[in-house]
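Remarks on the overall topology
Okay, here's what each chain looks like letter by letter:
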Amino acid sequence: MLRTVLVTGGAGYIGSHACLALIKAGYDPIILDNFSNSNAVAIQRLRALCQKDIPAIEGDIRDTNLCAKALRDYECDSVIHFAGLKAVGESQTKALEYYDVNLVGSHSLLRAMQDVGVNRIIFSSSATVYGVPKALPLKENHPLAPTNPYGQTKLAVERLLSDVAASEANLKYGILRYFNPVGADSSSRIGEDPRGVPSNLMPFIAQVAVGRREALMVFGNDYDTPDGTGVRDYIHVSDLADAHVKALEKLEDSAESFIVNLGTGKGYSVLDMIEAFASASGQSIPYNISNRRVGDVAVVYSDPSYAEKLLGWKAVRELDDMCRDHWAWQTANPRGYEK
Ligand code: NAD
Ligand code: UFG
């Protein structure tokens, strides 16, 4: 059984939830993170939640020797690779940095895996690789045409994995294309802690609800959708985390690498999200309508059927659960992991 997993970016939002799911399933995660977008307190909280001393290494995935040392020292037999930069808008002004961390960093990690002889990797990709949907729901075989540097780096890593696996018979990968993760673990001990002004919808709504920000800007109400606002496929981060356990099991069983969507298949508009969050929190969520955000599309949602067929996994938590858990995290930690 694959047991010891190097989790790059394991202190981050999705990585910390995946570590929790891995531990519950009997795996031993080893975290490698440079804390460029996370806080070591998340790891302390994980340890307390699991009553387990999770090893953590502070370092950068672009340091190939450090990655190799971690894989060797802890006798890892697989890797889950979350570490990376993820802000679409920022990627347009810092393209070189995004290629460096996301693509060069993944190359460095793969080199370290090759040096040590570790040949199983799960990679965090994104629905953003599809670009503007030509058909909905999005299936894995939809054409790939990202519209921003962040998406280009995700697609470049997908291709890197495919080429390296073709040249090294032993390497097997699982590419997971996430839709829109929201919510938090039901313990409220770990959750999303964005730095500065949140660029994503749910953390922004939550900060309005808790009184940290005055009002939400709704980016456009003239889309071709039932209420005019953008529609997305929101998925509870704990469902997403559970899928990583299934993906690791699949990678162990199967001789084939795979690419799979992780979403719910349901689309909710911005106004649906405001209403659901207001109801879960009991707070009013003031908002104003502004212009469309450059690069946004009207509707994005997944076809999640391949994930169910391949992994035996499907999202079980509903929108109310996502809002309730996000709100519980926000109220228990109004300033995130800061004291
Ligand atoms: P996050 O920023 O919370 O987590 C990423 C972690 O990687 C952070 O802890 C950060 O400190 C670490 N990191 C960044 N650069 C590093 C480096 N050079 N070396 C070591 N560690 C580094 O983000 P997240 O939301 O948890 O996303 C995890 C992964 O999932 C990312 O690859 C992201 O692109 C992808 N993804 C996220 C979303 C989303 O909406 N959250 C959607 C699709 C895909
Ligand atoms: N929105 C607002 N106001 C805000 C923030 C967002 O109206 O303050 C709207 C957007 O216009 C969009 C929806 O809320 O219609 C969701 O926006 P997010 O920024 O939360 O999410 P995106 O779908 O734009 O992108 C996210 C991640 C990407 C990832 C993608 C996968 O940011 O990294 O999901 O589907 F690739």
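In case you missed it, the structure is sitting above this.
So, here is what we can say about the structure in this document. (Residues numbered from 1 in each chain as written. Chains lettered and ligands numbered in written order. Predicted model: local features only at pLDDT ≥ 70, side-chain atom pairs only at ≥ 80, totals over all residues. Heavy atoms only, no water.)

**Quick look at the overall build of the protein**
What the protein contains, in helices and strands, is eleven helices and 13 strands. Over its C-alpha atoms the protein spans a radius of gyration of 19 Å, differing by no more than 12% from the 20 Å that the globule rule assigns to 339 residues. Along the longest, intermediate and shortest principal axes, the C-alpha atoms of the protein span 55 × 45 × 40 Å. Here the protein holds 339 residues, and the buried ones make up 53% of them. Within the protein, contacts between residues separated by at least 24 positions form 79% of all contacts whose residues are at least 6 apart in sequence. Total accessible area on the protein stands at roughly 14,600 Å², and carbon and sulfur atoms take up 47% of it. Between the mean site of the 34 positive side-chain charges and the mean site of the 41 negative ones, the protein shows a separation of 1 Å. (Helix = DSSP H or I, 4+ residues; strand = E, 2+ residues; numbered from the N terminus. Rg over C-alpha atoms; globule rule 2.2 N^0.38 Å. Buried < 20%, exposed > 50% of the residue type's maximum accessible area, 1.4 Å probe, protein only. Contact = heavy atoms within 4.5 Å. Areas by Shrake-Rupley, 256 points an atom, 1.4 Å probe, with all protein chains shown as cover. Lys, Arg positive; Asp, Glu negative; His and termini not counted. Charge placed at Lys NZ, Arg CZ, Asp CG, Glu CD.)

**A few points about the site of ligand 2**
Neighbouring residues of ligand 2: 21 residues in total, closest Ser 126, Met 217, Arg 232, Arg 293 and Asp 296. Interatomic distance of 3.4 Å between a backbone N/O atom of Ser 199 and an oxygen atom of ligand 2. Within the contact set of ligand 2, an oxygen atom lies 2.8 Å away from a side-chain nitrogen or oxygen of Arg 293. Within the complex, 89% of the 690 Å² of free accessible area of ligand 2 lies under protein. In terms of residue count, strand β8 (residues 216–219) provides more of the shell around ligand 2 than any other element does, four residues in total. Classifying every residue of the shell around ligand 2 gives eleven nonpolar, six polar and four charged. (Near = heavy atom within 4 Å. Polar contact = N/O pair within 3.5 Å; in protein donor to acceptor, adjacent residues only side chain to side chain. Nonpolar A, V, L, I, M, F, W, Y, C, P; charged D, E, K, R; others polar.)

**So, the packing of helix α9 (residues 270–281) against helix α11 (residues 319–332)**
Across the interface, α9 lies against α11 with an axial gap of 9 Å and an inter-helix angle of 60°. Here α9 is positioned oblique relative to α11, judged by the angle of their axes. Crossing of α9 over α11 shows right-handed handedness. In this structure, α9 contributes Met 273, Ala 276, Phe 277, Ala 280 and Ser 281 to the contact, and α11 contributes Leu 319, Cys 323, Arg 324, His 326 and Trp 327. The class makeup of the residues in the contact of α9 with α11 is seven nonpolar, two polar and one charged. (Axes fitted to C-alpha atoms, helices over the stretch in contact; angles between N-to-C directions. Parallel < 35°, antiparallel > 145°, perpendicular 65-115°, else oblique. Left-handed = near helix turned anticlockwise from the far one by under 90°.)

**Examining the pattern of salt bridges**
Scanning the model with the defined rule gives 16 salt bridges in all. Between Lys 52 and Asp 28 there is a salt bridge, and its shortest N-O distance comes to 2.9 Å. Taken together, the residues span a long stretch of sequence, with Lys 52 in the loop between α2 (41–50) and β3 (56–58) and Asp 28 in strand β2 (residues 28–33) at a distance of 24 residues. The exposure class of Asp 28 is partly exposed, given its relative accessible area of 26%. Between Asp 100 and Arg 62 there is a salt bridge; the shortest N-O distance is 2.8 Å. Pair noted here: Asp 100 is in helix α5 (residues 95–116) and Arg 62 is in the loop between β3 and α3 (64–73), with a separation of 38 residues, a long-range link. Classification of Asp 100 as partly exposed rests on a relative accessible area of 27%. (Salt bridge = Lys/Arg side-chain N within 4 Å of Asp/Glu carboxyl O.)

**So, the packing of helix α1 (residues 13–24) against α2**
Where α1 contacts α2, the two axes come as close as 11 Å, and the packing angle between them is 20°. Relative to α2, the element α1 lies roughly parallel. For the pair α1 and α2, the sense of crossing is right-handed. For the pair α1 and α2, the contacting residues are Ser 16, Cys 19, Leu 20 and Ile 23 in the first and Leu 46, Leu 49 and Cys 50 in the second. For the contact of α1 with α2, the class distribution of residues is six nonpolar, one polar and no charged.

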